[in-house]
Amino acid sequence: MIKLGHNNPPIALDPKETIKKNINRRKLIVDDGISLFKGVPLPTWIELSLIDVCNRACSFCPKSDDKVAPDTYQKMSKTLIDKIHDDLKKMKFKGSLALAGYGEPLLHKDIVYIVNKLSKVSNVEIVTNGDPLNYKMIEKLYNANTARLLISMYDGPEQIEKFKKMIKKANVPEDFIILRDRWYTKDENFGVKLTNRAGTIKTGNQIPNDTHTICYYPSYQFLIDWNGDIFLCPQDWQRRQTMGNMMQEEIFDIWISKLMKKYRVDLLAGRRCNNPCKSCNAQGTLLGINHAQKWREIYKS
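Residues numbered from 1 in each chain as written. Predicted model: local features only at pLDDT ≥ 70, side-chain atom pairs only at ≥ 80, totals over all residues. Heavy atoms only, no water.

What follows is about the packing of aromatic side chains. With the rule as written, the count across this model stands at ten aromatic pairs. Consider the rings of Trp295 and Tyr299, whose centres lie 5.4 Å apart with planes at 25°: the pair is stacked. Of this pair, Trp295 and Tyr299 both sit in helix H9 (residues 289-300), four residues apart, which is roughly one turn of that helix. For Trp295, a relative accessible area of 2% corresponds to the buried category. Judged by relative accessible area, which is 25%, Tyr299 ranks as partly exposed. By way of ring pairs, the aromatic residues Phe222, Trp255, Trp295 and Tyr299 are connected into one cluster. (Phe/Tyr/Trp six-rings, centres within 6.5 Å; stacked < 30°, edge-to-face > 60°. Helix = DSSP H or I, 4+ residues; strand = E, 2+ residues; numbered from the N terminus. Buried < 20%, exposed > 50% of the residue type's maximum accessible area, 1.4 Å probe, protein only.)

The next thing to look at is the nonpolar core. In terms of nonpolar packing, the biggest core is built from 71 residues, with Leu48, Ile84, Leu133 and Ile224 touching the most fellow members. Not counting chain neighbours up to four residues away, the residues in contact with Leu48 comprise Met76, Ile81, Ile84, Leu97, Ala98, Leu99, Ala100, Gly101, Leu118 and Ile224. Among the nonpolar cores identified, the runner-up in size contains twelve residues, and Ala69, Tyr154, Leu194 and Trp237 belong to it. (Core = buried A, V, L, I, M, F, W, Y, C linked by side-chain atoms within 4.5 Å. Contact = heavy atoms within 4.5 Å.)

Time to look at unusual backbone geometry. Cis geometry is adopted by the peptide bond preceding Pro276, which originates at Asn275 and carries an omega value of 0°. Relative to the helices and strands, Pro276 resides in the loop between helix H8 (258-268) and H9. A positive phi angle, close to 55°, is found at Asn189, a residue other than glycine. Note that Asn189 resides in the loop between strand E7 (177-181) and helix H6 (217-220). For Phe190, which is not glycine, the phi torsion reads 65° and is therefore positive.

Bringing the pairing of strand E8 (residues 221-224) into the picture now. Of the two faces of E8, both are covered, the one formed by Gln221 and Leu223 as well as the one formed by Phe222 and Ile224. Looking at chain direction, strand E3 (residues 45-48) and E8 are connected through four bridges and run parallel. The residue bridging Glu47 from the neighbouring strand is Leu223, located in E8. Taken together, the two bridges between E8 and strand E9 (residues 229-231) define a ladder with antiparallel strand orientation. Note on E9: the bridge partner recorded for Leu223 is Phe231. In this structure, the hairpin formed by E8 and E9 is closed by a connection of four residues, where Gly228 is found at a positive phi of approximately 95°. (Pairing = 2+ DSSP bridges.)

Moving on, we get to the pattern of salt bridges. Evaluation of the coordinates by the stated rule reveals 15 salt bridges. The network of salt bridges with shared partners includes Asp52, Lys63, Asp71, Asp225 and Arg239. (Salt bridge = Lys/Arg side-chain N within 4 Å of Asp/Glu carboxyl O.)

Here it is in C-alpha cells:
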C-alpha cells in the first residue's frame, strides 16, 4: 500500500480556531451531565479502534513509524461489536462512541454494520482522513445513523471544495459533516492538539512531560482496541497497559476495577507515576472536570 505523507501547502486558515471549536463541541458531550450506574459515574466518551491500519503516514502520528506502530491489518469482529452493544445497553450508557483509534475506521469493510448496530445504544461519531469517502459512502453512513462525520483534511484547502461537492451530491445535512483543516507545518503543530502520544512522537513543538500532571482521562473515557483490550486513553499507542479485555469481562466491571481505580486516583492527584502516563505530556484536564469531581467524592467516602 502506498502511503501519502503530510503535505504542507502555502495557504492556511486558523488551526487554533479549529482546535478550540472541537474542544468546545466535545465539552457539550462529555461534561453535560453525568449518568450514574450502581452509584458511580459512567464514561461519556468511548473511543473504538476498529482496524489496525491506515493509508496515510502523517509525521505527528505513530503510524508514520513502522517500528512503533506497524500496520497489522487486524480488525474488530462483528461478535465484539455485538458485545459492545450489549454491555453498553446493560449499563445504560448515554455518552458517545468515537470510531477513530489507531487506524482509519473507514477501511473496515463492516463499517455500515458497525455504525448501524452501535447507534442503537449511543451516538456514533466517525473520525476519518476522508480518503475512502465518496458520495455513496456518505449516504450509507448517514442512513446507518452516524451522528457525525469528522473529516481531517491533511493535503490542503483545495480539499474543502472537493468534500463540499461530495456532501452536496450525497444530499445530507451540512451539519452532519465537520471539515477540519489539518494541513499545517510542524511550526503550527500540524493543526492538531499535539501530544507526544505517551512518549512515542517527538516532532513539533512538544512541551515537557511535567508541564501537566493532573489528568481526567480515566474519569470520563477509555479506548477499546480491535481485540477488546481496554486502554486508559488513545494516547497509549504502544499499548503498554491494558485495563482488561471486554471479551473476558463486562465493560462496566473493567470501568470500576481495582486497576482503573489505581490509575484514576493517581492521575486525579497529579501523579503520573505509571506507564504510559509517566511518558505522556497531554493536557488531560481539558474535558471531564465534572466526572473528576464525582470520583473524588466517591474515593473520599
